[in-house]
Amino acid sequence: MEKERYELDTTALKAFAEACACSQVRKAARVITQFYDRCLQPTGLRMTQHTVLVVIALSEQETVMRLAEKLAMDRSALARALKPLESQGLVTVEAGSDRRTRVVRLTEQGRQALREAHPYWLQAQKQVMAHFGEQQTQALLAELKKVEALELLL
């Protein structure tokens, strides 16, 4: 593909700021993550950590590679996210069936952390539903599932 030169003027930049799907989704993700983080604050977990723990709990045990796929994360970013969870005793990360694989498991302490966090998450979820309405929230979730399907195009 031949590189074209574009001059970026204020109009083009405004169009980007208003219409870029990626930029708008990332901004919305930061805002809602901050909201859930505030709600989960008494538990000591951040929403990103909570999500990782939930996915691990649903899997019983999972390789880092498969877990990264389920979370749509880069393996190295997931490895960095697992370190504090491991040091807090919430998960274990051990050698898998061969030297290249690492298996992640939720500890009993991790299960307890999820049990303690659940009422806080539930309260955050109820507030989001109250703000947007149940029908609108369900529609948003359905649209976000479609966004996840973009991964198939890569």
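For the structure itself, consult the block above.
Now for a quick tour of the structure. (Residues numbered from 1 in each chain as written. Predicted model: local features only at pLDDT ≥ 70, side-chain atom pairs only at ≥ 80, totals over all residues. Heavy atoms only, no water.)

Notes on the overall build of the protein
Formally: Each helix is a run of DSSP H or I of at least 4 residues and each strand a run of E of at least 2, with the numbering of both proceeding from the N terminus. Residue exposure (1.4 Å probe, protein chains only): buried if accessible area is under 20% of the type maximum, exposed if over 50%, otherwise partly exposed. Throughout, a contact is declared for two residues whenever any of their heavy atoms are within 4.5 Å.
Tallying secondary structure elements over the protein gives seven helices and three strands in all. Taken along its principal axes, the extent of the C-alpha atoms in the protein is 55 × 45 × 25 Å. Counting every position in the protein, which comprises 154 residues, the buried fraction comes to 23%. When contacts within the protein are restricted to residue pairs at least 6 apart in sequence, long-range pairs at least 24 apart make up 47% of them.

What to know about the nonpolar core
The line we're drawing: The criterion is simple. A nonpolar core is a set of buried Ala, Val, Leu, Ile, Met, Phe, Trp, Tyr and Cys residues joined through side-chain atoms within 4.5 Å.
If you look at the biggest cluster of nonpolar residues, it comprises 26 residues, and the most contacted ones within it are Leu-53, Ile-56, Leu-78, Leu-82, Leu-85, Val-91 and Val-104. Where this core is concerned, the elements lending two or more residues are helix H2 (21–40), helix H3 (47–59), helix H4 (64–71), helix H5 (75–87), strand S2 (91–95), strand S3 (102–106) and helix H6 (108–132). In this view, Leu-82 contacts Val-52, Ile-56, Val-64, Val-91, Val-93 and Val-104; residues no more than four positions away in its chain are not counted.

Re the environment of Ala-124
Within the element layout of this structure, Ala-124 appears in helix H6. Along the sequence, Ala-124 and Asp-37 sit 87 residues apart, while their C-alpha atoms lie 9.3 Å from each other.

Focus: H3
For an α-helix, 3.6 residues make a turn, and residues three or four places apart therefore share a direction. Test applied: Any helix carries an expected span of 1.5 Å times its number of residues minus one.
Its 13 residues give H3 an end-to-end C-alpha distance of 18 Å, which sits within 8% of 18 Å, the value for a rise of 1.5 Å per residue. Here H3 has its buried residues at Met-47, Gln-49, His-50, Val-52, Leu-53, Val-55, Ile-56 and Ser-59. Following H3 by one or two positions, Glu-60 has its phi on the positive side, about 70°.

A few points about the packing of aromatic side chains
Here is the rule: Each aromatic pair joins two rings of Phe, Tyr and Trp (for Trp, the six-membered one) with centres within 6.5 Å, and gets the label stacked for planes under 30 degrees apart, edge-to-face for over 60, and tilted for any other angle.
Considering all chains together, one arrives at one aromatic pair under this definition. Ring geometry for Phe-35 versus Tyr-36: centroids 5.7 Å apart, planes at 90°, classification edge-to-face. A relative accessible area of 21% means that Phe-35 is categorised as partly exposed.

Here we look at H4
Counted only if it meets this: Directions drawn from the helix axis to the C-beta atoms are what define this arc.
If you check which residues of H4 are buried, you get Val-64, Leu-67, Ala-68 and Leu-71. All buried residues of H4 project into a common sector of 100° when viewed along the axis, lining one side. Of the surrounding elements, those touching the buried residues of H4 are H3, strand S1 (61–63), H5, S2 and S3. Positive phi appears at Ala-72, one or two residues downstream of H4, with a value of about 55°.

Observations regarding a nonpolar patch on the surface
For clarity, the cut-off: Without a salt bridge and with relative accessible area above 30%, a residue can belong to a patch; like charges are then joined within 9 Å and nonpolar side chains (Val, Leu, Ile, Met, Phe, Trp, Tyr) within 5 Å. The protein chains shown are the only cover counted for residues, whose accessible areas, like all others here, come from Shrake-Rupley with a 1.4 Å probe. The term salt bridge refers to a side-chain nitrogen of Lys or Arg lying within 4 Å of a carboxyl oxygen of Asp or Glu.
There is a patch of nonpolar side chains on the surface, built from Leu-140, Leu-141, Leu-144, Val-147 and Leu-150 and spanning about 400 Å² of accessible area. Counting through the fold element by element, Val-147 comes out in helix H7 (residues 134–148).

A few points about the state of the cysteines
Condition: Here, the term disulfide refers to a pair of cysteine sulfur atoms separated by no more than 2.5 Å.
A complete count under the given rule lists zero disulfides for this structure. Here Cys-20 is not cross-linked by a disulfide; its sulfur's nearest cysteine counterpart is in Cys-22, at 5.3 Å.

Overview of the pairing of S2
Test applied: Any two strands are treated as partners once DSSP identifies two or more bridges connecting them.
Inspection of the sheet shows S2 paired to S3 by five bridges, in the antiparallel sense. When the sheet's bridge partners are listed, Ala-95 is paired in S3 with Arg-102.

Remarks on the packing of H6 against H7
In plain terms, the rule: Each axis is a line fitted through C-alpha atoms, taken for helices only over the stretch in contact, and angles between the N-to-C directions span 0 to 180 degrees. Should an angle lie under 35 degrees it is considered roughly parallel, over 145 roughly antiparallel, and from 65 to 115 roughly perpendicular; all remaining angles are considered oblique. For this scheme, ten residues count as nonpolar: Ala, Val, Leu, Ile, Met, Phe, Trp, Tyr, Cys and Pro. Four count as charged, namely Asp, Glu, Lys and Arg, and the remainder, Gly too, count as polar.
Following both chains from N to C, one finds H6 and H7 inclined at 105°, their axes separated by 6 Å at the closest point. With respect to each other, H6 and H7 are oriented roughly perpendicular. Counting all contacts with H6, which are made through Val-128, Met-129 and Phe-132, the residues of H7 involved are Glu-134, Gln-136, Thr-137 and Gln-138. Per-class residue counts for the contact of H6 with H7 are three nonpolar, three polar and one charged.

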